[in-house]
Amino acid sequence: MVKVSSGFGRHPFRMLLPAVPENVERAAGILRAGGVVAFPTETVYGLGALAFDPAAVARIFEIKRRPSFDPLIVHVLDGAMLAKVVAEVPPIAARLMNAFWPGALTLVLRKASLLPELVTSGLDTVAVRMPSHAVARALLERVNAPLAAPSANPFGSLSPTRAEHVAAMLGDRAGVVLDAGRSEYGIESTVLALEPHPALLRPGAIAVEAIESVVGPIERGASRGPVRAPGQLPVHYAPRTPLRVIEPASVPLAERSNSGVLGMRDAFEGYAAQRSLSRRGDLREAAACFFEALHELDALGLERIDAQPLPEEGLGLAMMDRLRRAVS
Ligand code: TXA
Ligand code: MG
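Described in the following lines is the structure provided in the data block.

Reading guide: rules and limits
- Residues numbered from 1 in each chain as written.
- Chains lettered and ligands numbered in written order.
- Predicted model: local features only at pLDDT ≥ 70, side-chain atom pairs only at ≥ 80, totals over all residues.
- Heavy atoms only, no water.
- Helix = DSSP H or I, 4+ residues; strand = E, 2+ residues; numbered from the N terminus.
- Rg over C-alpha atoms; globule rule 2.2 N^0.38 Å.
- Contact = heavy atoms within 4.5 Å.
- Areas by Shrake-Rupley, 256 points an atom, 1.4 Å probe, with all protein chains shown as cover.
- Lys, Arg positive; Asp, Glu negative; His and termini not counted.
- Charge placed at Lys NZ, Arg CZ, Asp CG, Glu CD.
- Expected span 1.5 Å × (residues − 1).
- Bend = angle between axes of the 7 residues up to and from the residue.
- Buried < 20%, exposed > 50% of the residue type's maximum accessible area, 1.4 Å probe, protein only.
- Polar contact = N/O pair within 3.5 Å; in protein donor to acceptor, adjacent residues only side chain to side chain.
- Pairing = 2+ DSSP bridges.
- Salt bridge = Lys/Arg side-chain N within 4 Å of Asp/Glu carboxyl O.
- Axes fitted to C-alpha atoms, helices over the stretch in contact; angles between N-to-C directions.

**Points about the overall build of the protein**
Here comes step 1: Scanning the protein for helices and strands turns up ten helices and 14 strands.
Here comes step 2: In summary, the protein has a C-alpha radius of gyration of 19 Å against a globular reference of 20 Å for 328 residues, a match within 12%.
Here comes step 3: For the protein, the spread of C-alpha atoms along the principal axes amounts to about 60 × 50 × 30 Å.
Here comes step 4: Relative to all contacts within the protein whose residues are 6 or more apart in sequence, the contacts with residues 24 or more apart total 66%.
Here comes step 5: Split by element, the accessible area of the protein, about 13,100 Å² in all, is 54% carbon and sulfur.
Here comes step 6: Put simply, the protein has 35 plus and 34 minus side-chain charges, and the middle of one group is 3 Å from the middle of the other.

In structure tokens form, the structure reads like this:
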């Protein structure tokens, strides 16, 4: 993919710290002192704070300008940390943890009573995941406490898959950003509720089909029903440039010259800018550069972005979910 070097405005690059051990230690110190740090995970970059420090968690809401009814995901290193944040691990959750942890599956479980309500926005459940990214794990190990961390972007905008995205979107407000390059999956974790039955709250980096191969059929419509997770809000994950989901081949040439196109593999004539997600038509490869491509197109000052519909299977489901919510 072509890297766009301008258009993000002035980067406060001094905040980006390469994720070497000294800087991980420094970031851990900031967190232990009640501060906030942006760090890489295998899905997207997160903005973390001690889950058991309500003042630090409040700072996350402030930095993201996130409504406080929107609960955060708690990140844990291991079973011992998990035991501090949840009340219990039902058998079905244990099966899913065995299959997908550490990794990009977030499970909604009954919360431990001591976990601050601000983290869960007053719900009696907590969303929890065990990241696989080596830097996220090193940070958790150094801090030795669970970290609440939403994606490190302003509420409602595109998720960051590079440290530079965090710096460009949050500026000085982000504090320190540990930089480990591009996130492997490039799309957020899959969020699954378990009670009264497994239900998909947010399609994400772990395909529904893979989850169903472990626990059988899960309710898929939950992410379209009444809002249970703000990732379910109708407009979310949105670029500043107006976006529509449309088959680019059907767009008249005259309408293309001031627009950008986000497609899978085809080339389209006449657009001012084009990003193709995977020449091989591979949905996983496409997801890995999905938000990055949207960030790049968004930085070009185009009149509109035309996004080609993607097949709604595997990671295509998560990308189509994000595209529909990006429509303005
Ligand atoms: O991949 C990810 O999940 C990233 C990285 C940083 O781990 N995090 C992330 O967090 O995407 P965030 O806050 O942007 O999205 C968390 C989603 C939201 O849609 C939220 O509403 C939902 O999880 N959620 C959190 N707690 C919940 C709960 N108790 N019940 C239902 N949904 C919950
Ligand atoms: Mg988010």
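Moving on from the coordinates now.
**Some details on helix H9 (residues 283–298)**
Here comes step 1: When the terminal C-alpha atoms of H9 are compared, their 22 Å separation across 16 residues agrees well with the 22 Å that a helix rising 1.5 Å per residue should span.
Here comes step 2: Taking the largest bend as the criterion, H9 deviates by roughly 45°, centred on Cys-289.
Here comes step 3: With respect to burial, H9 is a largely interior element, 14 of its 16 residues being buried.
Here comes step 4: The distance from a side-chain oxygen at the start of H9 to the backbone nitrogen of Arg-284 is 3.3 Å, and the residue carrying that oxygen is Asp-282.

**Examining the sheet that holds strand S3 (residues 46–50)**
Here comes step 1: Strand order in the open sheet made by the ten strands is S1-S8-S2-S3-S7-S4-S6-S5-S9-S10, with mixed pairing throughout. The outermost strands of the open sheet, each flanked by one partner alone, are strand S1 (16–18) and strand S10 (199–202).
Here comes step 2: Looking at chain direction, strand S2 (residues 37–39) and strand S8 (residues 176–179) are connected through two bridges and run parallel. Considered in S8, the bridge of Val-37 is made with Val-176.

**Some words on the pattern of salt bridges**
Here comes step 1: Throughout the structure, instances matching the rule amount to 20 salt bridges.
Here comes step 2: Residue Asp-298 pairs with Arg-240 through a salt bridge whose shortest N-O separation is 3.4 Å. Residue Asp-298 is located in helix H9, and its partner Arg-240 is located in the loop between helix H8 (208–215) and strand S11 (243–245); the two are separated by 58 residues in the primary sequence.
Here comes step 3: With relative accessibility at 10%, the residue Asp-298 sits in the buried group.

**Some remarks on the pairing of strand S14 (residues 304–307)**
Here comes step 1: Across three bridges, the pairing between S11 and S14 is parallel. Across the sheet, Leu-243 pairs through a bridge with Ile-305, a residue of S14.

**So, the environment of Met-319**
Here comes step 1: Secondary-structure assignment places Met-319 in helix H10 (residues 316–326).
Here comes step 2: What makes Met-319 buried here is its relative accessible area of 0%.
Here comes step 3: With 116 residues separating them in the primary sequence, Met-319 and Pro-203 have C-alpha atoms 8.4 Å apart.
Here comes step 4: Setting aside anything within four residues of it in sequence, one finds Met-319 in contact with Ile-187, Leu-277, Leu-283, Ala-286, Ala-287, Phe-290 and Leu-310.

**Points about the sheet that holds strand S13 (residues 273–276)**
Here comes step 1: The strand order across the open sheet built from four strands is S11-S14-S12-S13, with neighbouring strands paired in parallel fashion. Here the strands that pair on one side only, and so sit at the sheet edges, are S11 and S13. With strand direction ignored, the average angle separating the axes of adjacent strands in the sheet is 15°.
Here comes step 2: Sheet topology note: the strand S12 (residues 259–263)/S14 ladder contains four bridges and is parallel. Considered in S14, the bridge of Ser-259 is made with Arg-304.
Here comes step 3: Contacting S11, S12 and S14, H10 crosses the sheet at an angle of about 130° to S11.

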